Amino acid sequence: MSSDALAPLNPVARRPAATLTPALLLAIVAWWALVALMMVWPDKPVGFAAPRFVAETHRLFVILAAALTVAALLSRLLTWRLLLEPLQLAARWLVALALLIALWETVTAKLALLPAPFFAPPRALIEAWATDWFRLGDSVLNSLRLLALGFLFGSLSGFATGVAIGWSRGLGYWVHPLLRFLGPVPSTALLPLSLYFFPSSFSAAVFLIALATWFPVTVLTWSGVSSVDNRYYDVARTLGASNLFLIVRVAVPASLPHVFVGLFMGLGASFSVLVAAEMMGVKSGLGWYLQWAQGWAAYANMYGALIVMALLFSSLITLLFALRDRMLKWQQNAVKW
């Protein structure tokens, strides 16, 4: 039997060859053009001090352009679709990113159209990360510790409160008015009181983050528990289930989609409270770092911290979505991020 006759039986033979899309080719050209722009066009002198980390910035962008080129070519030659398909999907964003950085480099380093130091060139970000990585890294760790404690306390207390008032009408009668009255108040409005009642600014910040998380988690958990079909409870009671079993094995699993929506909302609210609390009283953290950089007119450090903050917060929400998809497989990808 010829190889052509066996080809339909071979899944590898049926797989079409991977190709580089025009958008991906354009992305590769755009990144190498960005490298040429940085290295060939001389910078316009600004001030008396020579710019730092120029060569390091050039090497970094050469590595990025080379990595994109090698990844695309290897994926094409070796048919690595798991790598090629994400590159093709992000190709237009890669082109836009290269154009944005090229515009940024042109109006700051090459033409100096924007006033320094308020608008720094890309090399200033590299300098800020390279020279102040210890302080910035320490701020990230302190922000993560503060956020983890506040979000953990707020989500656990909100989940317990939501289950309690969703299960017990008597308890809901007393808690519901307080929830409607105090819940919408921004947590940052209570910052002066929290600094007075708590022994340290750190514990006050933990309380404010927990409070910002507690309200949406409570409301959504309460809504999830109260919306469970009563027929589920009737079937479980017929089989001899206790009230504890009904709560743990019926009410809570059925309300998990609502609970995760509350967790998403609480995590987003906790980010805002975290930055505000760190700007007011905490001695280390990303919010404190932003205020410190602004006070010293280190705007490149401020922009670098904002980029780190965006990547960190986006990664945390992505992690929470991954946890949701793992626990709620029957609703996987029902909520988009």
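Here, the structure is the one placed above.
What counts and how
Residues numbered from 1 in each chain as written. Predicted model: local features only at pLDDT ≥ 70, side-chain atom pairs only at ≥ 80, totals over all residues. Heavy atoms only, no water. Salt bridge = Lys/Arg side-chain N within 4 Å of Asp/Glu carboxyl O. Helix = DSSP H or I, 4+ residues; strand = E, 2+ residues; numbered from the N terminus. Buried < 20%, exposed > 50% of the residue type's maximum accessible area, 1.4 Å probe, protein only. Contact = heavy atoms within 4.5 Å. 1 Å grid on protein atoms, 1.4 Å probe; cavity = no way out; pocket = protein on both sides within 12 Å on 5 of 7 lines; lining within 4 Å. Points joined across faces, edges and corners; volume = space filled by probe spheres on them. Nonpolar A, V, L, I, M, F, W, Y, C, P; charged D, E, K, R; others polar. Core = buried A, V, L, I, M, F, W, Y, C linked by side-chain atoms within 4.5 Å. Axes fitted to C-alpha atoms, helices over the stretch in contact; angles between N-to-C directions. Left-handed = near helix turned anticlockwise from the far one by under 90°. Phe/Tyr/Trp six-rings, centres within 6.5 Å; stacked < 30°, edge-to-face > 60°. Polar contact = N/O pair within 3.5 Å; in protein donor to acceptor, adjacent residues only side chain to side chain.

### Some words on the pattern of salt bridges
Reasoning step 1: Under the defined criterion, the tally for this structure stands at 9 salt bridges.
Reasoning step 2: Between Lys110 and Asp43 there is a salt bridge whose closest N-O contact spans 2.6 Å. With a gap of 67 residues between them, Lys110 in helix α6 (residues 91-110) and Asp43 in the loop between α3 (22-40) and α4 (54-78) connect regions that are remote in the sequence.
Reasoning step 3: Taking the shortest distance from any N to any O, the salt bridge between Arg231 and Asp229 comes out at 2.6 Å.
Reasoning step 4: Look at the salt bridges and you will find they share partners, linking Asp43, Glu105, Lys110 and Arg123 into a network.

### Focus: the environment of Leu312
Reasoning step 1: One can find Leu312 in helix α15 (residues 299-327).
Reasoning step 2: Of the residues examined, Leu312 reaches a relative accessible area of 17% and is grouped as buried.
Reasoning step 3: In sequence terms Leu312 and Val140 are 172 residues apart; their C-alpha atoms lie 8.6 Å from each other.
Reasoning step 4: When residues no more than four places from it in sequence are discounted, the contact partners of Leu312 are Val140, Leu144 and Leu286.

### Structural notes on the layout of surface pockets
Reasoning step 1: Of the voids in this model, the largest pocket is the one considered here, and its volume is about 660 Å³.
Reasoning step 2: Contributing to the lining of the largest pocket are 29 residues, with Pro51, Pro121, Arg123, Ala124 and Glu127 lying nearest its centre.
Reasoning step 3: Sorting elements by how many residues they give to the lining of the largest pocket places helix α7 (residues 122-131) first, with 5 residues.
Reasoning step 4: A breakdown of the residues in the lining of the largest pocket according to their chemical character gives 19 nonpolar, 4 polar and 6 charged.
Reasoning step 5: Forming the walls of the second largest pocket are 17 residues, and the residues nearest its centre are Leu182, Gly183, Val185, Ser187 and Leu211.
Reasoning step 6: Contributions of two or more residues to the lining of the second largest pocket are made by α9 (169-182), α11 (201-226) and α13 (243-280).

### Quick look at empty space enclosed by the protein
Reasoning step 1: For the coordinates displayed, the defined rule picks out 2 cavities of 30 Å³ or more.
Reasoning step 2: In this structure, the largest cavity occupies an estimated 50 Å³ of space.
Reasoning step 3: Taken together, Asp43, Val54, Thr57, His58, Glu105, Pro122 and Arg123 form the lining of the largest cavity.
Reasoning step 4: Contributing elements (two or more residues each) for the lining of the largest cavity: α4 and α7.
Reasoning step 5: Counting residues per element, the lining of the largest cavity draws most heavily on α4, at 3 residues.
Reasoning step 6: Residues of the lining of the largest cavity, tallied by class, amount to 2 nonpolar, 2 polar and 3 charged.

### Some points on the nonpolar core
Reasoning step 1: Leu146, Leu263 and Phe313 are the most contacted members of the largest nonpolar core, which has 39 residues in total.
Reasoning step 2: Elements with a contribution of two residues or more to this core: α8 (133-167), α11, α13, α14 (286-295) and α15.
Reasoning step 3: Among the elements that take part in this core, α13 stands out by supplying 11 residues, more than any other.
Reasoning step 4: Excluding residues within four positions of it along the chain, Leu263 makes contact with Phe151, Ser155, Val217 and Leu320.
Reasoning step 5: Counting 23 residues, the second largest nonpolar core, distinct from the first, contains Leu24, Ala27, Val35 and Leu37.

### Re the packing of α8 against α15
Reasoning step 1: One way to put it is that α8 packs onto α15 with a least axis distance of 12 Å and a crossing angle of 35 degrees. α8 and α15 meet at a crossing whose hand is right-handed. Where α8 abuts α15, its residues Leu136, Val140, Leu144 and Leu147 lie against Ala305, Val308, Leu312 and Leu316.
Reasoning step 2: Residues of the contact of α8 with α15, tallied by class, amount to 8 nonpolar, no polar and no charged.

### With respect to the packing of aromatic side chains
Reasoning step 1: Counted under the stated rule, the structure contains 12 aromatic pairs.
Reasoning step 2: Seen in terms of ring centroids, Tyr173 and Trp174 are 5.2 Å apart; in terms of plane orientation they differ by 85 degrees. Their pairing is edge-to-face.
Reasoning step 3: Between the aromatic rings of Phe264 and Phe321, the centroid separation amounts to 4.2 Å while the plane-to-plane angle is 5 degrees, which identifies the pairing as stacked. Here Phe264, found in helix α13, pairs with Phe321, found in helix α15; they are 57 residues apart in sequence, far enough to count as distant. There is no split in this pair, since Phe264 and Phe321 are both buried.

### Some remarks on the side chain of His58
Reasoning step 1: Checked against the element boundaries, His58 lands in helix α4.
Reasoning step 2: Relative accessible area serves as the criterion here: at 16%, His58 is assigned to the buried category.
Reasoning step 3: From its side chain, His58 meets the backbone oxygen of Met38 in a polar contact 3.2 Å long.
Reasoning step 4: Excluding residues that lie within four positions of it along the chain, His58 makes contacts with Met38 and Met39.

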